[in-house]
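Each chain, letter by letter, is given below.
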Amino acid sequence: MILYPPDDPFLFYFTLFGLPIAVRWYGVLIMSGALLGAYLASRRAVARGYDPDHVWNQLMLGLIMGIAGARIYYVIFEWDRFAPNPWSVLNLTTGGLAIHGGLIGAVLSVLIYTRWNRLPFWEWLDLCVPGFVLGQAIGRWGNFFNQEAYGRPTDLPFGVRIDANYRLPPYTNLQEYPLDTVFHATFLYESVWSFIGLGLLLLLDQRLGHGAPVKERRLRPGDLFFIYAIFYSAGRFWIEGLRLDSLYLGPLRAAQVISLVLMSAGVVGLLINHWRRPPSRSGRSAVQ
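Conventions we followed
- Residues numbered from 1 in each chain as written.
- Predicted model: local features only at pLDDT ≥ 70, side-chain atom pairs only at ≥ 80, totals over all residues.
- Heavy atoms only, no water.
- 1 Å grid on protein atoms, 1.4 Å probe; cavity = no way out; pocket = protein on both sides within 12 Å on 5 of 7 lines; lining within 4 Å.
- Points joined across faces, edges and corners; volume = space filled by probe spheres on them.
- Helix = DSSP H or I, 4+ residues; strand = E, 2+ residues; numbered from the N terminus.
- Nonpolar A, V, L, I, M, F, W, Y, C, P; charged D, E, K, R; others polar.
- Core = buried A, V, L, I, M, F, W, Y, C linked by side-chain atoms within 4.5 Å.
- Buried < 20%, exposed > 50% of the residue type's maximum accessible area, 1.4 Å probe, protein only.
- Contact = heavy atoms within 4.5 Å.
- Pairing = 2+ DSSP bridges.
- Axes fitted to C-alpha atoms, helices over the stretch in contact; angles between N-to-C directions.
- Left-handed = near helix turned anticlockwise from the far one by under 90°.
- Phe/Tyr/Trp six-rings, centres within 6.5 Å; stacked < 30°, edge-to-face > 60°.
- Lys NZ or Arg CZ within 6 Å of the ring centre and 35° of its normal.

**Q** Could you clarify how one ought to interpret the layout of surface pockets in this entry?
**A** Remark: the empty space left among the atoms is shown by a probe the size of a water molecule rolled over them. By volume, the second largest pocket amounts to about 600 Å³. In terms of lining residues, the second largest pocket is bounded by 31 residues, among which Tyr-74, Glu-148, Ala-149, Arg-243 and Asp-245 are the most central. Counting residues per element, the ones that place at least two in the lining of the second largest pocket are helix H2 (53-77), helix H4 (99-117), helix H6 (141-146), helix H8 (223-240) and helix H9 (254-275). The residue makeup of the lining of the second largest pocket, split by class, is 13 nonpolar, nine polar and nine charged.

**Q** Mind showing me how you'd approach the nonpolar core here?
**A** One broad rule of soluble globular proteins: the nonpolar side chains tend to lie buried together. Core analysis: the largest hydrophobic core is formed by 45 residues, its most contacted members being Trp-124, Leu-127, Val-160 and Tyr-228. For this core, the secondary structure elements donating two or more residues are helix H1 (25-47), H2, H4, helix H5 (121-139), H6, helix H7 (186-208) and H8. Considering every element that reaches this core, the biggest residue donor is H5, with nine residues. Excluding its chain neighbours within four sequence positions, the residues that come into contact with Val-160 are Leu-3, Pro-5, Phe-144, Tyr-150, Thr-181, Val-182, Phe-183, His-184, Ala-185 and Phe-187.

**Q** When you look at the sheet that holds strand E4 (residues 159-161) in this model, what are you seeing that I'm missing?
**A** Whether parallel or antiparallel, the strands of a sheet pair through hydrogen bonds between backbone atoms. The three strands are arranged E1-E4-E5 in an open sheet whose pairing can be described as mixed. The strands lining the two open edges of the sheet, one partner per strand, are strand E1 (2-3) and strand E5 (182-183). Both E4 and E5 contribute to a ladder of two bridges, which runs antiparallel. Across the sheet, the residue bridging to Arg-161 is Val-182, located in E5.

**Q** I'm lost on empty space enclosed by the protein in this one. Help?
**A** Throughout the structure, instances matching the rule amount to two cavities of 30 Å³ or more. By volume, the largest cavity amounts to about 810 Å³. The wall of the largest cavity is formed by 35 residues, among which Ala-34, Leu-63, Ala-106, Phe-132 and Gly-135 lie closest to the centre. Elements with a contribution of two residues or more to the lining of the largest cavity: H1, H2, H4 and H5. A class-by-class count of the residues in the lining of the largest cavity yields 22 nonpolar, twelve polar and one charged.

**Q** Would you mind going over the packing of H4 against H5 with me for this structure?
**A** For any two helices packed against each other, the geometry comes down to the angle between their axes and how far apart the axes lie. At a minimum axis distance of 10 Å, the contact between H4 and H5 shows a crossing angle of 145°. Considering only the axes of H4 and H5, their crossing is right-handed. For the pair H4 and H5, contact is made by Ile-99, Gly-102, Leu-103, Ala-106, Val-107, Val-110, Leu-111 and Thr-114 and by Phe-121, Trp-124, Leu-125, Phe-132 and Gln-136, respectively. For the contact of H4 with H5, the residue count by class is ten nonpolar, three polar and no charged.

**Q** It is not clear to me how the packing of aromatic side chains should be interpreted in this structure. Could you clarify?
**A** What the rule picks out here adds up to 20 aromatic pairs. Between the aromatic rings of Phe-144 and Phe-187, the centroid separation amounts to 5.4 Å while the plane-to-plane angle is 35°, which identifies the pairing as tilted. One end of the pair, Phe-144, is in helix H6; the other, Phe-187, is in helix H7, with 43 residues separating them in the sequence. A relative accessible area of 2% means that Phe-187 is categorised as buried. Ring geometry for Tyr-171 versus Phe-183: centroids 5.7 Å apart, planes at 90°, classification edge-to-face. Of this pair, Tyr-171 sits in the loop between E4 and E5 while Phe-183 sits in strand E5, and the two are twelve residues apart along the sequence. With respect to class, Tyr-171 is no different from Phe-183; both count as buried. Chaining the aromatic ring pairs together yields one cluster made of Phe-121, Trp-122, Phe-132, Phe-225, Phe-226, Tyr-228 and Tyr-232. The lysine or arginine in question, Arg-161, covers the ring of Tyr-4, its NZ or CZ lying 4.7 Å from the ring centre.

**Q** Even after reading the chapter, I still don't get unusual backbone geometry, so can you show me in this structure?
**A** Working note: non-glycine residues mostly have negative phi, and peptide bonds are mostly trans. The linkage connecting Pro-169 with the following residue, Pro-170, adopts the cis geometry, with an omega of 5°. Summarising the element assignment, Pro-170 is placed in the loop between E4 and E5. Backbone geometry places Arg-118, a non-glycine residue, at a positive phi of 55°. Inspection of the secondary structure assignment puts Arg-118 in the loop between H4 and H5. Overall, Arg-118 belongs to the exposed group, its relative accessible area being 73%. One non-glycine residue with positive phi stands out, namely Gln-147, at about 55°. Examined against the element boundaries, Gln-147 turns out to sit in the loop between H6 and E4.

So this is what it looks like as structure tokens:
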């Protein structure tokens with residue numbers, strides 16, 4: 001199956017009273033992922049006895065900090081591109097968001113919100129992380145419509161075709177790489193990997209976490225986030241090796257370095273979490 005994006009990245013584009021009105025697929029998919037992720041988190045909040053309004057209240061802060069973090073992270077590594085026109089940093093219409101920066105921003109938003117509202121940080125992070133993964137899985141398709149985040153050419157029976165004006169050198173050479181050249185659909189790989197991760201987190205939470213009988217619960221607050229860090233980073237590490245547009249730390253791909261750091265941090269976090277004395281299961285109401 002060969003994937004081919006639409007002719008342009010717009011869901012619709014028209015002029016009203018002389019003003020251009022444009023909505024990009026990229027933005028629609030990011031917002032759709034965020035809203036569906038928040039809905040999932042709100043249902044999980046209800047199951048734990050929390051007011052689901054906390055999720056929707058946090059959503060705006062999470063969106064602002066997540067998008068800001070994703071943009072800042074990207075700009076830091078691509079500053080030479082933005083230095084001639086710093087105001088272009090504010091133009092998100094052509095992409096340029098890094099998921100690791102978005103993750104940092106999202107976690108900080110959870111920290112701020114839980115401190116302000118006196119909610120348990122690690123428990124709330126576990127509650128929200130499946131929704132974040134769902135948002136990732138959906139949002140990745142924005143790269144498809146922008147014709148970005150693709151990999152090197154492939155001989156696999158499935159892949160993505162990229163127009164000449166969206167290609168990176170040396171694949172702009174149409175004599176050597178004609179228009180029917182098929183590239184690794186790395187955005188698709190990451191989306192599928194995220195959906196698998198979502199299923200894994202929900203299954204673990206159901207069998208060993210909050211969804212299980214009290215005596216059978218093995219997961220502690222923070223465990224789901226640490227498992228997510230390990231699982232997502234393992235997939236991102238090998239997917240990043242296929243991409244053509246990686247950000248670099250010297251000779252190393254930044255996403256692969258960060259993935260190794262996150263996998264290590266996730267393993268250490270799980271070990272520390274389970275070396276500590278188990279938290280008390282009584283004496284606190286979950287309703288805030």
